[in-house]
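# Notes for the structure review
Now for the letters of each chain:
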Amino acid sequence: MLLEINLVTFQFGPTYGRKMMSGYVRSKGLTLSGKQNLLAEHKWPDVNQQVVYPIKDVLVEMENPMMINLLDPVVQFCISFVTMNVAEISLKRLVASWNSHPIEGNCDRIPDVVSQRTSRVHSVNPAMIPSMEDAVQMYTDAGGHITHDSSFGIDPLASSDTLINQRETEFIRDNLAFEEIYSNTINGDGSLMVSAVLSFINTRNLSC
């Protein structure tokens, strides 16, 4: 089957995402044995390895020499902006990689090839994917507990569309595309992500 991972789920982290997925199954009255676990659930270790850990390593390297203050709500927002954009690229690459490789135990079929040659494999209809609010509700209805406030940090320019547009323009001017930042991060360097985070933090000083 084609694998699709919703970035909204990533916002809650692999643990919450996995639990909410299980909660959704239980809320529908379904049961799954160990061998019938959802295919996407098996990919969470890869999500950690290829998405979460490389980003975390960069942030730890920035925090240790006190390049960033994680207690500052503005810094938190700036870090969130950069990391979520890098994570989005990483997730898309991970999903594309999965869908283009042979699946063991299934005649080594490649999901993308099967999808093109037959009408038996389709992308999931976006309407079938619950919204963040619905996913949280289903998870809590199934007995789970989660912090509902998913905001992280404070945007100092939130009250001015003009400054937000200026910030975006300056960030694009001063940094490479997020695809390049992702590649640099996943290769173990991380310097482009460091520069992007510091660059975005500096935009806090923009004024009309």
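Report follows, based on the coordinates. (Residues numbered from 1 in each chain as written. Predicted model: local features only at pLDDT ≥ 70, side-chain atom pairs only at ≥ 80, totals over all residues. Heavy atoms only, no water.)

### With respect to the overall build of the chain
Check the secondary structure of the chain and you find 9 helices and 0 strands. The order of helices and strands in the chain, counted from the N terminus, is α-α-α-α-α-α-α-α-α. For the chain, the residues scored as buried account for 36% of the 208 residues in total. As displayed, the chain offers around 12700 Å² of accessible surface, 52% of which is attributable to carbon and sulfur atoms. (Helix = DSSP H or I, 4+ residues; strand = E, 2+ residues; numbered from the N terminus. Buried < 20%, exposed > 50% of the residue type's maximum accessible area, 1.4 Å probe, protein only. Areas by Shrake-Rupley, 256 points an atom, 1.4 Å probe, with all protein chains shown as cover.)

### So, the nonpolar core
Of all hydrophobic cores here, the largest spans 29 residues; its most connected members are I68, V82, V86, F178, M193 and V197. Elements represented by at least two residues in this core include exactly α3 (44-63), α4 (73-99), α8 (178-186) and α9 (191-202). For this core, the element with the highest residue contribution is α4, accounting for 11 residues. Once residues within four sequence positions are removed from consideration, F178 is found in contact with F81, V82, N85, V86, I89 and F171. (Core = buried A, V, L, I, M, F, W, Y, C linked by side-chain atoms within 4.5 Å. Contact = heavy atoms within 4.5 Å.)

### A closer look at the packing of aromatic side chains
Evaluation of the coordinates by the stated rule reveals 6 aromatic pairs. Between F81 and F200 the ring centres are 4.2 Å apart and the planes differ by 10 degrees, which places this aromatic pair in the stacked class. You can see F81 sitting in helix α4 and its partner F200 sitting in helix α9, a full 119 residues away along the chain. An aromatic cluster of at least three residues, connected via ring pairs, comprises F77, F81, F171, F178 and F200. (Phe/Tyr/Trp six-rings, centres within 6.5 Å; stacked < 30°, edge-to-face > 60°.)

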